[in-house]
Amino acid sequence: MLTLNKFNFNGNGLPEGIWGDYCEGVRLKIRKLTSEALRFLRKKHSKTVMELDPRTRRMMPIEKINDDAFEDALTDYLIEDYEGIGDEAGNVLPLNLESKMLIMDKLPLREWIWSFAQTLEVAEAEEKEAAIKNS
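Overview of the structure. (Residues numbered from 1 in each chain as written. Predicted model: local features only at pLDDT ≥ 70, side-chain atom pairs only at ≥ 80, totals over all residues. Heavy atoms only, no water.)

A few points about the packing of helix α1 (residues 35–44) against helix α2 (residues 67–78)
- For the pair α1 and α2, interaxial distance at closest approach is 9 Å and the crossing angle is 140°. Between α1 and α2, the angle falls in the class oblique. For the crossing formed where α1 meets α2, the hand is right-handed. Contacts from Ala 37, Leu 38, Leu 41 and Arg 42 of α1 reach α2 at Phe 70, Ala 73, Leu 74 and Tyr 77.
- The residue makeup of the contact of α1 with α2, split by class, is seven nonpolar, no polar and one charged. (Axes fitted to C-alpha atoms, helices over the stretch in contact; angles between N-to-C directions. Helix = DSSP H or I, 4+ residues; strand = E, 2+ residues; numbered from the N terminus. Parallel < 35°, antiparallel > 145°, perpendicular 65-115°, else oblique. Left-handed = near helix turned anticlockwise from the far one by under 90°. Contact = heavy atoms within 4.5 Å. Nonpolar A, V, L, I, M, F, W, Y, C, P; charged D, E, K, R; others polar.)

Next up, the structure:
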């Protein structure tokens, strides 16, 4: 039997990230990306407002998301730490949201981070499945 543990993501106890090597001398500590984490972050940066539906001419609740705040929160969540990344002057980037946003602005890095975060979930499920088969 495959057992699934509920993540119970509440934002207080963020999951520990996993270190991955992007290239020689550059490592990033990435948290796994789960639908539960996405829902929590999205809910934190959305609100429900009443708007007129032109088709029905009735007021309807509509969810509005602050896209910039959600993107910032998601970036801050995904990248827990990093090593070997600096600015054009060769100074090490401080560990803050601004630096994390600079990292995510680089397409190859962003693609690697997203893939790594999603792979962590798949790898964990495969590891659990292998453990079940071996027991």
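Comments concerning a nonpolar patch on the surface
- Where nonpolar side chains cluster on the molecular surface, the patch consists of Met 50, Leu 52 and Met 59 and spans about 330 Å² of accessible area.
- Looking at the secondary structure, you find Leu 52 in strand β3 (residues 46–53).
- Take Leu 52: its relative accessible area is 56%, and that puts it in the exposed class. (Patch = residues over 30% accessible without salt bridge, like charges linked within 9 Å, V, L, I, M, F, W, Y side chains within 5 Å. Areas by Shrake-Rupley, 256 points an atom, 1.4 Å probe, with all protein chains shown as cover. Salt bridge = Lys/Arg side-chain N within 4 Å of Asp/Glu carboxyl O. Buried < 20%, exposed > 50% of the residue type's maximum accessible area, 1.4 Å probe, protein only.)

What to know about the nonpolar core
- Among the nonpolar cores identified, the biggest contains 23 residues, and Leu 28, Ile 30, Leu 78, Ile 79, Ile 103 and Ile 113 are the most heavily contacted of them.
- Of all the secondary-structure elements, those providing two or more residues to this core are β2 (26–30), α1, α2, β5 (79–83), α3 (97–105) and α4 (107–134).
- Counting residues per element, this core draws most heavily on α4, at six residues.
- In this view, Ile 30 contacts Gly 17, Ile 18, Leu 78, Ile 79, Trp 112, Ile 113, Phe 116, Ala 117 and Leu 120; residues no more than four positions away in its chain are not counted. (Core = buried A, V, L, I, M, F, W, Y, C linked by side-chain atoms within 4.5 Å.)

Considerations on α3
- If you check which residues of α3 are buried, you get Ser 99, Lys 100, Met 101, Ile 103 and Met 104.
- Its side-chain oxygen at 3.3 Å from the backbone nitrogen of Glu 98, Asn 96 defines the N-terminal cap of α3. (Polar contact = N/O pair within 3.5 Å; in protein donor to acceptor, adjacent residues only side chain to side chain.)

Function cannot be read off these values alone, since they describe shape.
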